[in-house]
Amino acid sequence: MPKFIVSVEKSYCINSKERKTLSVPEYHQKKIALSTLKMSITGAKIAGGMNHAEAIKFLISIGYTMKWIKCSLEKAGHSSTEIQQLISS
């Protein structure tokens with residue numbers, strides 16, 4: 001099965017200094033999780049699949065930092081209260 005390398009977009013994006021190797025399903029899950037963070041909460045419910053809490057848990061499990069996730073949610077237009085609710089769930 002082919003493996004994909006996670007590219008480091010920002011210095012605070014990945015916890016470890018080494019790149020993580022993802023399987024094909026994990027690579028696709030990563031893309032879905034990243035696009036879920038860009039959606040509104042209602043939009044993610046309508047689209048189905050991962051919700052924001054599941055996306056955050058998955059991204060943390062493959063090495064993304066909470067700082068990067070919070071920054072990504074802010075860029076997507078989520079309010080600070082929404083971000084706190086999403087992270088605490």
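Please read all numbers here as calculations on a predicted model, not as lab measurements.

Parameters at a glance
- Per chain, the residues get numbers from 1 upward, laid out in the order the sequence is written.
- Side-chain atom pairs in this predicted model are given and counted only at pLDDT of 80 or more, local residue features only at pLDDT of at least 70, and totals for whole chains, interfaces and linings cover all residues.
- Remark: hydrogens and water are excluded; side-chain values derive from all non-hydrogen atoms of the structure.
- Think of each axis as a best-fit line through the C-alpha atoms, taken over the contacting stretch in the case of a helix, with angles from 0 to 180 degrees between the N-to-C directions.
- Think of it this way: any DSSP run of H or I at least four residues long counts as a helix, any run of E at least two long counts as a strand, and we number them from the N terminus.
- Oblique is the label for every angle not falling under 35 degrees (roughly parallel), over 145 degrees (roughly antiparallel), or within 65 to 115 degrees (roughly perpendicular).
- The sense of a crossing depends on the near helix, which, turned anticlockwise from the far helix by less than a right angle, makes the crossing left-handed and, turned clockwise, makes it right-handed.
- The contact rule is simple, with two residues in contact once any of their heavy atoms fall within 4.5 Å.
- Gly falls in the polar group here, along with every residue not listed as nonpolar (Ala, Val, Leu, Ile, Met, Phe, Trp, Tyr, Cys, Pro) or charged (Asp, Glu, Lys, Arg).
- Aromatic rings from Phe, Tyr and Trp, with only the six-membered ring used for Trp, were paired whenever their centres fell within 6.5 Å, and each pair was classed as stacked if the ring planes differed by under 30 degrees, edge-to-face if by over 60, and tilted otherwise.
- Here the nonpolar core consists of buried residues drawn from Ala, Val, Leu, Ile, Met, Phe, Trp, Tyr and Cys, with membership extended through side-chain atoms lying within 4.5 Å.
- The buried label applies to any residue whose accessible area, calculated with a 1.4 Å probe on protein chains only, is under 20% of its type's maximum; exposed applies above 50%, and partly exposed to all values in between.

Enquirer: Explanation requested: the packing of helix α4 (residues 66-75) against helix α5 (residues 80-88) in the structure shown.
Expert: It is the contact of α4 with α5, at a shortest axis distance of 10 Å, that shows an interaxial angle of 140 degrees. Relative to α5, the element α4 is oriented oblique. In terms of crossing hand, the pair formed by α4 and α5 is right-handed. Of the residues in α5, those in contact with M66, K70, L73 and E74 of α4 are I83, L86 and I87. In terms of residue class, the contact of α4 with α5 is made up of five nonpolar, no polar and two charged.

Enquirer: Before we go on, may I ask you to explain the packing of aromatic side chains in this structure?
Expert: Two descriptors summarise a pair of aromatic rings, namely the distance from one centre to the other and the angle between the planes of the rings. Per the counting criterion, the structure on display carries one aromatic pair. Ring centres of Y64 and W68 lie 4.8 Å apart, and the angle between their planes is 55 degrees; on these two criteria the pair is classed as tilted.

Enquirer: Is there a simple way to think about the nonpolar core in this case?
Expert: It is characteristic of soluble globular proteins that their nonpolar side chains tend to be buried jointly. By size, the foremost hydrophobic cluster in this structure holds 16 residues, and its most contacted members are L37, L59, Y64, I69 and L73. Broken down by secondary-structure element, the contributors of at least two residues to this core are α1 (24-38), α3 (52-61), α4 and α5. Tallying contributions element by element places α3 first for this core, with four residues.

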